[in-house]
Each structure stands twice: as C-alpha cells, then as structure tokens.
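Each chain is listed here by its residues.
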Amino acid sequence: MAEKKRPRRTRERILEYALDLFNRHGEPSITTAHIADEMNISPGNLYYHFRNKDEIIGELYAAYESAVLPLFASPPDRRPGVEDLWLMLHLLFERMWEHRFLFRDLDEIASRNRRVAARFSELTRRGERTVIELCEGMIAAGTMVATPGETAALARNVALVSTYWLPFQRLESPQADAAPEARLDRACYQVLALVAPFLVGEARALIDRLGGEYLHGG
C-alpha cells in the first residue's frame, strides 16, 4: 500500500500561498489579509502562526538561503573549470526564480526588514568569495588570466548582475512576469560574458559556444 502523504500544516500552507502571491503580484501589494483570504482561513488563524508579514518574508528568505548556500563551494578534490561556474550560476538562477519576489522587491524589503537585509548582504559576500575561489582555481589551471584586483572586481560584477537580473528582465520584457520560468540560459550567459575576456584556450571556446547557443535560442 502506498504511503499516504502527510497533510500540510497550516504554517507550511501559509508560506506556500504567500510565496505564490508575492511572486505573482509583488510583495508590496500583498497583505496578510490577502494571504488569509486566498487560503480561506481567518486572519486570526494566520496571526497565530505569524505575527506579521515580515515574519513570513523572513521564513521565505531562510528557505532561499538554505537552498543557495550549498552552491557556494569549490570542488574539493580538483581544480575548478568554467563548467563549475556555469553549473553554479544555472542552479543559482533556478533558486532565485523560485523566490523571485525577493529580487524584484529587494530594495523595499531590505529597507523595512533589517534582519533579512543583513543576511542577504552576507550571502552576497559569500557568493563573491566563491567566485573568487573559482577564478583562482582556473588561474592556477592556466585557463584564466587575471590579477587579484581583476578577480575581486569580477566577483563584485557577477554578484551585481546576478542580483538585479530579474528586475532588469521585467523592465526589458514586462510579459516576463507571466512566463512559467525565467530565461535562465540568457541570465547565465550575461554573467559568463563578464568572465569570458579573462579566459583562454578551451575555456574561452566553451563560453563562445554556449553564448552562441543561448543567443540563437531566443
């Protein structure tokens, strides 16, 4: 006999509905009353689990952080290659898309929720350090040529483009909000294009090939 799924608890359902509403309509336009109404529960029931909307946002951010942190690691047993950076970026953008309201409404959320802002800032620094480590590994392997200052600036630019890619995509193409998924390939390519000038040999050829595939794919 197949094992029955455990019924989702109200707290889990609140987070699920809130994430969906925030992603579809934007966090600033959604209140706890909207979430309760969408779930067909009383506001009092929602407040039993979360005192306010910022607590819900904090839980959703924590879920995003937990999903992203494992990506920020260099290969432990070999020198990294550009494929490792590509894979990290692709998986990162997948998780960003799942929590896209955090990036589309980042300034609004960060100005109001200082705890989330501080954790987001630290996560960004962690991502930058990972990019630097990957670059240092590729430099050691002879597939990348860059000074320490250049790799630090490159890591900062990677963080900048990655963080603001989703709001930029919405400005460039408003219908992107209704898309079932982000253009992850294009997002990855835009970031890899920052790295490409520092790559040599097969690593540079790979970026050029991926870029051609992305551009011809739409």
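Peer 1: Got a minute to help me understand the packing of aromatic side chains in this structure?
Peer 2: In this description, a pair of aromatic rings is defined by centroid distance and the angle of the planes. Counted according to the given criterion, the structure contains 6 aromatic pairs. Taken together, a centroid distance of 5.0 Å and an interplanar angle of 50° make the contact between Phe 22 and Phe 101 tilted. Of the two residues, Phe 22 is situated in helix H1 (residues 10-25) and Phe 101 in helix H6 (residues 101-104); the sequence distance between them amounts to 79 residues. We classify Phe 22 as buried; its relative accessible area is 1%. For the pair Trp 165 and Phe 168, a centre-to-centre distance of 5.9 Å together with 40° between the ring planes defines the contact as tilted.

Peer 1: What is the right way to read the nonpolar core from this model?
Peer 2: Among the nonpolar cores identified, the biggest contains 60 residues, and Phe 22, Ile 35, Ile 56 and Tyr 64 are the most heavily contacted of them. Broken down by element, this core gets its largest block of residues, 8 residues, from helix H5 (residues 82-98).

Peer 1: Can you help me understand the confidence of the model for the protein in this one?
Peer 2: Atom-level detail of predicted coordinates should not be read off regions where pLDDT is low. Overall, the predicted model of the protein reaches an average pLDDT of 89, with 89% of residues at or above 70. Here residues 1-5 is a poorly scored stretch, pLDDT under 50, and it has 0 contacts once near neighbours within four places are set aside; other chains count.

Peer 1: Would you mind going over the packing of H1 against helix H2 (residues 32-39) with me for this structure?
Peer 2: To characterise two packed helices, one gives the angle between the axes of the helices and the distance between these axes. Two numbers describe how H1 lies on H2: the axes approach to 10 Å, and their chain directions differ by 115°. Taken together, the axes of H1 and H2 lie roughly perpendicular to each other. Considering only the axes of H1 and H2, their crossing is right-handed. Packed against H1, whose contacting residues are Thr 10, Arg 13, Ile 14, Tyr 17, Ala 18, Leu 21, Phe 22 and Arg 24, the element H2 presents His 34, Ile 35, Glu 38 and Met 39 at the interface.

Peer 1: Looking at this model, I keep getting lost on the environment of Asp 105. Mind explaining?
Peer 2: If you trace the backbone, Asp 105 turns up in the loop between H6 and helix H7 (106-112). In this structure the C-alpha to C-alpha distance between Asp 105 and Asn 23, which are 82 residues apart in sequence, comes to 9.8 Å. Sequence-distant contacts of Asp 105, defined by excluding residues within four places in its chain, comprise Gly 26, Glu 27 and Pro 28.

Rules used throughout
Residues numbered from 1 in each chain as written. Predicted model: local features only at pLDDT ≥ 70, side-chain atom pairs only at ≥ 80, totals over all residues. Heavy atoms only, no water. Phe/Tyr/Trp six-rings, centres within 6.5 Å; stacked < 30°, edge-to-face > 60°. Helix = DSSP H or I, 4+ residues; strand = E, 2+ residues; numbered from the N terminus. Buried < 20%, exposed > 50% of the residue type's maximum accessible area, 1.4 Å probe, protein only. Core = buried A, V, L, I, M, F, W, Y, C linked by side-chain atoms within 4.5 Å. pLDDT = per-residue confidence, 0-100. Contact = heavy atoms within 4.5 Å. Axes fitted to C-alpha atoms, helices over the stretch in contact; angles between N-to-C directions. Parallel < 35°, antiparallel > 145°, perpendicular 65-115°, else oblique. Left-handed = near helix turned anticlockwise from the far one by under 90°.

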